[in-house]
Structures are given as C-alpha cells and as structure tokens.
Amino acid sequence: MSEAAASAHADHGAHEPAGFWSHYVFSTDHKMIGRQFLFLGLFMLIIGGILAMLIRWQLAWPETEVPGLGWVPEPTMYEGIIPPSTYNMLFTMHATIMIFFVVMPIMVGGFGNFLIPIMIGAKDMAFPLLNMLSFWVGAVAGVLMIASFFVVGGAASGGWTSYTPLTGAAVYTGVNWGINLWVLSLFVLAFSSLMGSINYITTLINMRAPGMTYFRLPLSIWSLFITAILLLLALPVLTAALGMLFFDRVFATNFFLPAGGMPLLWQHLFWFFGHPEVYILVLPAMGVTSDVLSVFSRKPIFGYRAMAYSMIALAFLSWIVWGHHMFVSGMNPLLGTAFMLTTMVIAVPSAIKTFNWLGTLWGGSIRFTVPLLFAIGFVSNFVIGGLSGIFMASTPVDIFIHDTYFIVAHFHYVVAGIIFAMFAAIYFWFPKMFGRMTSHTWGVVHFIGTYVFFNLTFFPMHFLGVGGHMRRIYNPMQYEYLEQFGDMNVFITISAFCLGLSQIPFVVNFIWSLFAGEKAPENPWEANTLEWSAPSPPPHGNFATQPQVYRGPYEYSVPGVEEDWLPQDRPLGAAAATGH
Amino acid sequence: MAREATAGILREDVAEAVSPVSAFGEGPPPPSRPEPVISNARLGLMMFIGAEVMFFAGLIGAFLVLRLSSEVWPPVGQPRLPVWITGFNTLVLLASGVAMHRAWLAAAAREQVRLSGWLLVTAVLGAVFLTIQGYEWVRLIGFGLTMRSGLYGSTFYALIGLHGLHVLGALVWVGVVWRLARRGRYAAGRTVGVETCKMYWLFVVALWPVLYGLVYLY
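Just so we're clear, the structure is a prediction, and the values are computed from it rather than from any experiment. (Residues numbered from 1 in each chain as written. Chains lettered and ligands numbered in written order. Predicted model: local features only at pLDDT ≥ 70, side-chain atom pairs only at ≥ 80, totals over all residues. Heavy atoms only, no water.)

Describing the overall build of chain A
Moving on, step 1. Each helix and strand in chain A was counted, giving 19 helices and 0 strands.
Moving on, step 2. Computed over the C-alpha atoms, the radius of gyration of chain A is 24 Å, within 12% of the 25 Å expected from 2.2 N^0.38 for a compact globule of 580 residues.
Moving on, step 3. When the backbone C-alpha atoms are referred to their principal axes, chain A occupies close to 75 × 50 × 45 Å.
Moving on, step 4. Total accessible area on chain A stands at roughly 20500 Å², and carbon and sulfur atoms take up 73% of it.
Moving on, step 5. One way to put it: in chain A the 19 positive side-chain charges average out to a point 11 Å from where the 26 negative ones average out. (Helix = DSSP H or I, 4+ residues; strand = E, 2+ residues; numbered from the N terminus. Rg over C-alpha atoms; globule rule 2.2 N^0.38 Å. Areas by Shrake-Rupley, 256 points an atom, 1.4 Å probe, with all protein chains shown as cover. Lys, Arg positive; Asp, Glu negative; His and termini not counted. Charge placed at Lys NZ, Arg CZ, Asp CG, Glu CD.)

Structural data, given as structure tokens:
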C-alpha cells in the first residue's frame, strides 16, 4: 500500500527523503516535526510531573526525608530533606516547564504542525526548512532549561513570573546562572515560536485547498490560527522584557531595580505578554475539544461561527486585561476597576463556547470513546476554572484571595485542565499520527483515574485558599492558623500521587499501541475533516491528489445522506444526495 | 457501526425543516487553488516585521514609563546626546531608504546594472550610518555614558544599540542581495528576494526617526 502511495506521490514531485537523519532527525516534513514536538513535550511532562510530586511531598510532610532521594547532594537536598531554596526552585521550574515546554510544544508545536497542513489540504507548511529550525531551536531552549538544574546555585527560583527586584540581581535569590539560563532559554524559545507562528499563519492564508474557505476550516485550525497570531505579537514583548532583565542581571543595569529603575515595570511587561499567553495555551485546547465533541456526538458543532468569533473575541480581550494579575501590586483604583470590567467581559465569549459545547452534545448520538471522555473532562474542568476566574476578576474579592491557593486551584483547573484536551487530541489523532489504534479499555482507565484524582487534587485547594493558605510558602505548618489544613494538605498530596500513578496506563497504552496496536484504517472515527481522507499514517506530501473541499467540517447526520458523516472532500453525486 | 439506531430528536426535526445544504455553503470548489494575493515570502516577512514592531513597542513602552517617572531628564551630570550629528545621520539613513526604493524600481524594470548600483548605494549609506553611530557611542562612553551609568545610559544603549544591531543585520542582507544581483539572480524577473530585502530595510529605516525623536529630541 505504501508503495502505491509513494508512486502516486512521485507524480506530484514530492519525494520522501530516504536517510535516517533526514527522515527522523532533521526532517522538514510537518508530520515528523509535529511528532518530535509531541515527544519533546511528553518527555518534559515527566520532569514537570516529578517536580510537582516533590512540591506536594514538602507541603504534606514538611521537612521530612523524601523516600529514595537521600543520595541527592547538598545543598539541593539535605539527606533527602528539601530546603527552602530548593522548594523555590521546584515550583518555579514546575510552572516554567509545564507552560513553556509541555503545553506549548504539544498543543501548539505538536498538533499545530501535524494538523494545520493536513487539515487544510496542503502537502506541507509554507516554509518547511523554517519549520525544522523551529523545532531544533526549541530543543536547544529545552536543553538550556534542563542544564540550569546542574549549574552552581541550582535552577531558577524566582517563580515562573520572575518578579523583579527578586530576580533582578543574583544576591536576592542566591541563584546566578540558574536564572540567567532561564532567561536565555525563554529568549531562545521565543525564536522557535516566532518561526512556528510565521509558518502557521502563512500556511493558513496561502495554502488552503480549493474550496477551503475560512469558514470551512475546522475549529481546531481556527484556534491554532488565532493562537499563532497571539504568539507572533505577544512573545516579542516578553523577549524585550527578558533582554532588559538579562542586562540587569549581567551588565548591572537598573531597568527593574529600585535604584533608579521600576520593579513594577517588569510586571506590566510580563503580564502584557502573560495574559495572551494564557490564551495561547487554552485556545488550541478549545479548538480540539470542539472537533472531538462534534465527531463523537455525530452532530454539527453548535454555533460554528459563534465559536470562531468568540475565539477572536477572547484573543482581542486578552490584550487589555493584563492588569488583573496586579490588583495588589499598587495600581490606581480607577485603573483596577477598568481592568476588572474588561476581565468580566471575558466571561461572555467563554460562556458562548461552553454552551455551544453543551449544545453540541445535546441530543447527539454520542459515542463514548476515549477522546470524547477527555474532551468532556476538559469542558467540565474549564467550567470550574472559568467560574473561579470571575471571583478573582472582582477586585474586592481578589484582594482577599490574591496569592493564595485559591489562585493555584483556579489556574490548575484552566491550564492544567488543558491536559484533558491534550489527551483527547493524542487519543483522537494517534491513529493518524502513528497508524495504529490505542486500547479503548486502558484509555478509559486512564481517563477515570485522571479525572477523579485531578479533581480530588485541585478542588480542595479552593478551601485552602479561602482559609488564607498562601501559595509558594515552604512550610505551612509554621503558621498556627494553617495547622488545621495539615490533613487537607496530606489528602491533596495523596490525590496528586494517585494522579501521577494514573498516567501509567497512558504510558503503557501509548508505547504498546505504538508498536503492537491494531492497524488503523484511514478513517477510524468516521470523521469529516481532510486528514481522515489521507492514509494512516499519511505519506510524505499527505495526499495522493490535491483534495477539493465541498463543504464545512461538521456535516454529521445530514438528512438524505446514507451514512451519518459526509467528508469535506466528497462530492455529493446524484446518487448520494437527494434534495428535499 | 450502528448508524441506523442513532437518529436523535434534533435530527428528525431538522430533516423536516431544512434542506441538506449546510450553513457552510455546499458547492463545488474552484478547479485549483487561486494564486495567493500576497506570496508566502512577502507574507512571512510582513509577520516577522509585525513581531519586530511588538518587540520595539515593548522597549519603547518601557523607555517611556521610565522616562516619564523620572523628575529630571536627562539626569544631572550625564552627557548630552549629540543631537545635530545624529540628525545628519538620520538624513543619511533616510537617503539609504530612498536608494533602496530606487533599487527596487530598477529590479521591477529588470535593469540589472542600476539594481546592483542602487543596492551598493544603500549599503554604503547604511554603513556610513553605522560608522557615525559607532563613533558617537565611543565618544559618549568616553564622556562616561555607559550601560551602568544609570537609566539614561541603559535605555539609550538598549534602544539605540538594538536598532543598530538590526541595521547591521539588514546591511548583511543587502550585501547578500547585492552579490546575487551582480550574478544576475534577478534577471529573469523573479524579484521577490529584492522585495523582501527592501521591506526589511525600509522597516529599520522607518523605525529610526521614531527612536531619534524619542531618545534624542524628547
């Protein structure tokens, strides 16, 4: 079959490179680059997860020996006991790795690369070489970030937000090259994202198949389109701020230091990038969820255009709400009110999306597959995270709960909740990416464990936060009023460990299916979008002939059509369609 | 799979009321993909310039916040910036922009000699700009204005220095295009290489008066 496909492609002038290095390592094929980003992200997910487990150990059983880590040399650990400086490093690197090296590589780098050309009916990206560079520059950033664990003084420990003046000079944290490498790594990563986003946008504007109008794009592609625009315009602001921070640290300038400079300026620049970043993370998750829900409800997505417009609205609003991260940083109260109002407006497009997801499920002929379960998991967690966001948007409430575990609960429901959409995407496109099916049973086990323990881990954090439990504190038991939360912290930690263990079925399922899974047919989910018209896995160049697009991506259960799906590239012949 | 048993409530209702023509518009696609309005290279470069604009917007925003929150600017005891010589230098850079535009017109008219000639003029004017800038920086450092001498120096070298780096990068690009033009690369009318170079050069040229006005004059 592959020979037939290959000869078909030879006619179109797309030759698959033969050598190992050009095929697996320095590949310019968007599908291989997508897989590379996926594996990079999954590898970093393991590291980020282990850091989270160490954080939880310290919070449940403060200043006790972590089992099995007695060998870690001082001053990182003292006979297995986590000192405060290491604790700071743990939560800083946990957040940095999860945001920049797990969610972004997997959702934007991995699925963005894999899906965009094939779902719009293109052979590859507009700039394949730039695409390869994007991955390898991103990999260098990852190496720099990992290397920072091994320099003298340890890795960055100023929080992922890296607030100045704490991070402005090495004396404040005691970490010199750890933070310098952190800055350099994110600086390099910005170039990777820049190359990626230029590629995505150009490809989406210029390379769509005949008939693939903007309003026939699948919503996951819409979401990646908007994400790429946000990346393109938001990340350079962080790059500028990181440059100035680096000057402060290395050349002893005073941009963000109190001696002449303005510490608060960092917060403004960081969050001007940081809030669009939240949508860079969550929009692809929303897009994937929309696609998966529609496919397995066997119904058109409810309110396609409203979904697209609400994503555009979210992207626009994300530029004018950064001040809501800074309500207690010192701000004119009038300005605080303005930011409160713009933030509240975000609830409108978010609610449109949520109700449209529910409307898609409503009355559908639901197929309870693993991707569908994870997509529903994402929606339910997003509702909880979205509602707690409204609490924080309100300045009077936020002043009380700011920098408490309520915030930690909120952003884990939103940002860590993305992992549900990520798993939905992995289970959904695994057959297309690797040509094999995953195990349904083990997928369900993975979902139940992840969903239950995710909620048992993060929901109680709301109570901690309202009870005054600050985030980022080393040892809650040092505060008399927090002693009552000792048991709850133990409960959360045990849940978190179970959440970690629940990923074992995923790892086993992933690796087993990769080598021994059932061979995937071309269209195992009976879905409409173009990638399911290509072989599994698609050859170099994706399609034997240029696909032609006749309709939108969500034509499920169309009256008068024999099957309950209608691919975008299938012409409705006289036999198939009867006009009522 | 069992499709026949899946008729939901909505589906039956819809079947009565609506024809199978969808909200997306059912219809045959055009026979082939239409030629893009803006080619890949131009579009990619436009986005790169967009990202550069945001990068400098971040720096300029930081500069303005720091500048406006200082009571005395420039701070007492700091050397004055060379307004007149840099004003002349501004004219040099603007002239290089005009030269680049002439080069582009020559490329469009397929006049290879004039193309490489105007590219050379562009590159020389750009090099003159950088040389004068460099000479002035050396003098300012001699007067005690450095990255470490306070915010005045830090913001000056950050904004003006990063612009200088961009001019240097663009200058290398112009040099490469000049060499390719001498070898007749653009003789066949495929001038997108000249055009993207022109777009980037005009970006670094257009950025300069903004920075000159903010840092030197304001």
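Alright, that's what it looks like, and here's the rest.
Regarding the packing of aromatic side chains
All names here are of chain A.
Moving on, step 1. This structure, assessed with the given rule, holds 71 aromatic pairs over all chains.
Moving on, step 2. An angle of 75° between the planes, with centres 4.8 Å apart, marks the rings of Phe-428 and Trp-429 as edge-to-face.
Moving on, step 3. Residue classification places Trp-429 among the buried positions, given a relative accessible area of 0%.
Moving on, step 4. An angle of 25° between the planes, with centres 5.6 Å apart, marks the rings of Phe-447 and Tyr-451 as stacked. Separated by 4 residues within a single helix, Phe-447 and Tyr-451 lie in helix α17 (residues 440–466), roughly one turn from each other.
Moving on, step 5. The buried category is assigned to Phe-447, whose relative accessible area is 12%.
Moving on, step 6. Taking the ring centre of Tyr-214 as reference, the NZ or CZ of Arg-208 above it sits at 3.9 Å. (Phe/Tyr/Trp six-rings, centres within 6.5 Å; stacked < 30°, edge-to-face > 60°. Buried < 20%, exposed > 50% of the residue type's maximum accessible area, 1.4 Å probe, protein only. Lys NZ or Arg CZ within 6 Å of the ring centre and 35° of its normal.)

Brief notes about the nonpolar core
Moving on, step 1. Grouped together as the largest cluster of nonpolar side chains are 244 residues, with contacts concentrated most on A:Phe111, A:Phe378, A:Ile426, B:Phe156 and B:Trp201.
Moving on, step 2. The element best represented in this core is helix α4 (residues 84–120) of chain A, accounting for 24 residues. (Core = buried A, V, L, I, M, F, W, Y, C linked by side-chain atoms within 4.5 Å.)

Quick notes on the side chain of A:Asn381
Residue and element names in this part refer to chain A.
Moving on, step 1. Structurally, Asn-381 can be placed in helix α13 (residues 370–393).
Moving on, step 2. For Asn-381, a relative accessible area of 0% corresponds to the buried category.
Moving on, step 3. Apart from residues no more than four positions distant in its own chain, Asn-381 is found in contact with Tyr-413, Phe-420, Tyr-451, Phe-454 and Asn-455. (Contact = heavy atoms within 4.5 Å.)

What about the interface of chain A and chain B?
Moving on, step 1. Every contact between the two is made by 61 residues of chain A and, on the other side, 46 residues of chain B.
Moving on, step 2. On the chain A side of the interface with chain B, the three residues burying the most area are A:Asn206, A:Phe255 and A:Pro559, jointly 12% of the side's total.
Moving on, step 3. Run the count over chain A and chain B and you get 0 salt bridges.
Moving on, step 4. Counting residues per element, the ones that place at least two in the side of chain A that touches chain B are α7 (177–206), α8 (219–250) and α9 (263–297) of chain A.
Moving on, step 5. In terms of residue count, α8(A) provides more of the side of chain A that touches chain B than any other element does, 9 residues in total.
Moving on, step 6. Per-class residue counts for the side of chain A that touches chain B are 36 nonpolar, 16 polar and 9 charged. (Buried area = accessible area lost by both parts, 1.4 Å probe. Salt bridge = Lys/Arg side-chain N within 4 Å of Asp/Glu carboxyl O. Nonpolar A, V, L, I, M, F, W, Y, C, P; charged D, E, K, R; others polar.)

A closer look at the environment of A:Leu115
Residue and element names in this part refer to chain A.
Moving on, step 1. On the secondary structure map, Leu-115 appears in helix α4.
Moving on, step 2. Through-space distance from the C-alpha of Leu-115 to that of Gly-34 is 8.3 Å; in sequence the pair is 81 residues apart.
Moving on, step 3. Filtering out sequence-adjacent residues up to four positions away, Leu-115 remains in contact with Ile-221 and Trp-429.

So, the confidence of the model for chain B
Residue and element names in this part refer to chain B.
Moving on, step 1. Overall, the predicted model of chain B reaches an average pLDDT of 87, with 89% of residues at or above 70.
Moving on, step 2. Here helix α1 (residues 9–17) stands out as the least confident element of chain B, with mean pLDDT 40; helix α3 (residues 83–108) is the most confident, with 96.
Moving on, step 3. Under a pLDDT of 50 for its full length, residues 1–21 has, in the predicted model, 26 contacts with residues more than four places off or in other chains. (pLDDT = per-residue confidence, 0-100.)

A few points about the confidence of the model for chain A
Residues and elements named next belong to chain A.
Moving on, step 1. Looking at chain A, pLDDT values average 93 and 96% of them are 70 or higher.
Moving on, step 2. Low pLDDT, under 50, characterises residues 1–14; the stretch is placed with 16 contacts to residues that sit more than four places away or in other chains.
Moving on, step 3. Note on residues 574–580: pLDDT is under 50 here. Beyond four places in sequence and across chains, it has 9 contacts.

Comments concerning helix α3 (residues 30–60) of chain A
Moving on, step 1. Helix length check: α3(A), at 31 residues, gives a terminal C-alpha distance of 44 Å against a target of 45 Å (1.5 Å per residue), a fit within 8%.
Moving on, step 2. Counting buried positions along α3(A) yields 26 of 31 residues, so the element is predominantly enclosed. (Expected span 1.5 Å × (residues − 1).)

Some remarks on the packing of α3(A) against α4(A)
Packed helix pairs are specified by the crossing angle of their axes together with the interaxial distance, meaning the distance between the axes.
Residue and element names in this part refer to chain A.
Moving on, step 1. Here α3 crosses α4 at 160°, and the two axes come no closer than 7 Å. With respect to each other, α3 and α4 are oriented roughly antiparallel. α4 is crossed by α3, and the crossing has left-handed handedness.
Moving on, step 2. Residues that form the contact of α3 with α4 fall into these classes: 27 nonpolar, 10 polar and 2 charged. (Axes fitted to C-alpha atoms, helices over the stretch in contact; angles between N-to-C directions. Parallel < 35°, antiparallel > 145°, perpendicular 65-115°, else oblique. Left-handed = near helix turned anticlockwise from the far one by under 90°.)

Digging into a nonpolar patch on the surface
Residues and elements named next belong to chain A.
Moving on, step 1. Residues Met-344, Val-383, Leu-387, Ile-390, Phe-391 and Val-397 make up a contiguous nonpolar surface patch of roughly 460 Å² in combined accessible area.
Moving on, step 2. With 4 residues, α13 is the single largest residue contributor to the nonpolar patch.
Moving on, step 3. In this structure, Ile-390 sits in helix α13.
Moving on, step 4. Residue classification places Ile-390 among the partly exposed residues on the basis of a relative accessible area of 36%. (Patch = residues over 30% accessible without salt bridge, like charges linked within 9 Å, V, L, I, M, F, W, Y side chains within 5 Å.)

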